[in-house]
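Survey of secondary and tertiary structure
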Amino acid sequence: MEDTTLLGWEEWAAFPKLGLPAVKAKVDTGARTSALHAVSIEPFGPMEKTQVRFILHPIPDKPEIEIVCSAPAVDRREVVSSNGERELRWVIETPVRIGDREWPVELTLTNRETMAYRMLLGRQAIPEDMVVNPTLSCAQGELSYDLYKDFPRRRPVKRPLRIAILTREPNNYSSQRLRDAAQTRGHVVEMINTARCTLAIDANDPKVYYDGKPLPVYDAVIPRIGASMTGYGMAVLRQFSMMGAYCLNTAEAIGASRDKLFAHQILARSGINMPVTAFAHSPKDTANLIAHVGDAPLVVKLLQSTQGRGVVLAETKKAAESVIDAFRGLDANFIVQEFVKEAGGADIRCFVVGGRVIATMMRQAEEGEFRSNLHRGGTARKVRITKEERVAAVQATKSLGLSVAGVDLLRSATGPKILEVNSSPGLEGVERSSGKDVAGLIVEYLETHVRPARTGKRKAAARTPAEARAEPASSQSE
Ligand code: ADP
């Protein structure tokens, strides 16, 4: 008998791949299959590689502890219980650890809320060299539900995630790279076009409809919201967040970074060095505005400018005045800014993910041009940044509350000056010139931030310990 392992009538089990450190199982050789408690069971992913996601309350008398799990589905099977009830159940395969042994088991997923044990270990899942001795309890040692105490905690999730990329350009380089990086890591990615989403505002059941059909709960949403969709994109993102998804950048942070005036105010308040800037909306007093920033040359920018389109260099005071007069005529919001000549037509893009600069590039303007935008003929190349630049980029990102950002800065005689913080930075230029796997690093960051557990607000009818101990007879017959 020395090579056999003894199992009692109840044992503590762990499921490393599901992220479950402790589940108390009833061992029942009278049952053929094994079952795991699961609610909100939801299949996702392609037909030939279906995944199932489900929520489990591992602690019978603490229904507020919810763990979100997902695993590849191996089957869908009809299970008949002894009272004749038939149920079509998803079947997953995952390793179980009991004592110091670990082996793969098939588990059917079913709601065991009314049963004392969250798991039933049936005979098919018990290896041949294990012997069940029904007079023993926890022959393989004790675990404790205390292991759930620090949930949710920051650690990479190993389960396949259902991720939505919120974009109107599913085929552009950035969207494709993010999708590929996530799929390579076993996640399922759906491209959601912001413009095709409809929102159902309901306090108890917020939903997003896509071409009329309700969208599922995503584990994570990667917002890639274009400037033209900021307002609506933020609303859609907020809705996903209310439904329980982790959003890579929050709607609030995106909103703050898109509002250039607000962003400048936040950055200034956080003590971040920027070119001296004055804001105006059709000012009457052009001379004062110029005086505030300093002497010519000056840069005048339309606030809604992208890709350098509305950015003008006024070499003389006279030129500055006429540009400002022109913008005034347009009734537009604009800024007047100190021209950082020493930058030499170059700016630096720092790609920040989770408080770290993960990639950088330097963009150099064409001969005779001060705007380094790639759309204006600028070229990108590799660059090493200084510690000061690194700190400034990270600080700027943090002050706006962004997790992922592209920070543009100028190298000035008095250190880095932040130009702009972009909440949906493109991946192409920076991946090509730095050689870094930016998409992969973003997905890795996401894995460490998707909530492994949710503390539900449900107040499920708590059962007395006595009720919990009394396992109903019907449950033993699977
Ligand atoms: P946009 O958002 O339209 O790209 P930016 O403010 O980023 O406008 O300006 C475009 C480019 O012009 C920058 O990448 C930078 O090379 C150059 N630039 C902008 N502001 C200044 C400035 N104050 N001093 C020197 N160069 C500047």
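Rules used in this analysis
- Residues numbered from 1 in each chain as written.
- Predicted model: local features only at pLDDT ≥ 70, side-chain atom pairs only at ≥ 80, totals over all residues.
- Heavy atoms only, no water.
- Buried < 20%, exposed > 50% of the residue type's maximum accessible area, 1.4 Å probe, protein only.
- Helix = DSSP H or I, 4+ residues; strand = E, 2+ residues; numbered from the N terminus.
- Arc of directions from axis to C-beta.
- Domains from an automatic or database assignment.
- Contact = heavy atoms within 4.5 Å.
- Salt bridge = Lys/Arg side-chain N within 4 Å of Asp/Glu carboxyl O.
- Polar contact = N/O pair within 3.5 Å; in protein donor to acceptor, adjacent residues only side chain to side chain.
- Nonpolar A, V, L, I, M, F, W, Y, C, P; charged D, E, K, R; others polar.
- Axes fitted to C-alpha atoms, helices over the stretch in contact; angles between N-to-C directions.
- Parallel < 35°, antiparallel > 145°, perpendicular 65-115°, else oblique.
- Left-handed = near helix turned anticlockwise from the far one by under 90°.
- Near = heavy atom within 4 Å.
- Areas by Shrake-Rupley, 256 points an atom, 1.4 Å probe, with all protein chains shown as cover.

Some words on helix 5 (residues 286-293)
- Looking only at helix 5, the buried set comprises Thr 286, Leu 289, Ile 290 and Val 293. Taken around the axis of helix 5, the buried residues stretch over an arc of 95°, which confines them to a single face. In helix 5, those exposed residues whose orientation departs by more than 90 degrees from the buried face are Ala 291 and His 292.
- Count one or two residues on from helix 5 and you reach Gly 294, which has phi positive near 120°.

Details of the domain arrangement of the chain
- Each domain of the chain was delimited in the assignment, giving domain 1 (5-154), domain 2 (162-257), domain 3 (276-338) and domain 4 (346-443).
- Averaged C-alpha coordinates put domain 3 and domain 4 at centres separated by 25 Å.
- Each partner contributes residues to the interface: domain 3 has ten residues there, and domain 4 has seven residues.
- Across the salt bridge formed by Glu 338 and Lys 417, the nearest N and O atoms sit 3.0 Å from each other.
- At the boundary of domain 3 with domain 4, the tally comes to five residue pairs in polar contact (both at pLDDT 80 or more).
- Contributions of two or more residues to the side of domain 3 that touches domain 4 are made by strand 20 (298-302), strand 21 (311-314) and strand 22 (333-338).
- For the side of domain 3 that touches domain 4, the class distribution of residues is four nonpolar, three polar and three charged.

Comments concerning the packing of helix 5 against helix 6 (residues 317-329)
- Axis separation between helix 5 and helix 6 bottoms out at 10 Å; the angle between their running directions is 125°. Here helix 6 runs oblique to helix 5, going by the angle between their axes. For the crossing formed where helix 5 meets helix 6, the hand is right-handed. Contacts from Thr 286, Leu 289 and Ile 290 in helix 5 reach Lys 317, Ala 320, Glu 321, Ile 324, Asp 325 and Arg 328 in helix 6.

Some remarks on the site of the ligand
- Lining the immediate surroundings of the ligand are 20 residues, of which Lys 301, Ser 305, Gly 308, Asp 347 and Asn 373 lie closest.
- Here Glu 420 contributes a side-chain N or O atom positioned 3.3 Å from an oxygen atom of the ligand.
- When isolated, the ligand has an accessible area of 540 Å², and the protein chains bury 96% of it.
- Elements that contribute at least two residues to the shell around the ligand include exactly strand 20, strand 22 and strand 27 (415-422).
- Considering only residue class, the shell around the ligand consists of seven nonpolar, seven polar and six charged.
- In this structure, the shell around the ligand is formed jointly by two domains, domain 3 (276-338) and domain 4 (346-443), each of which donates at least three residues.

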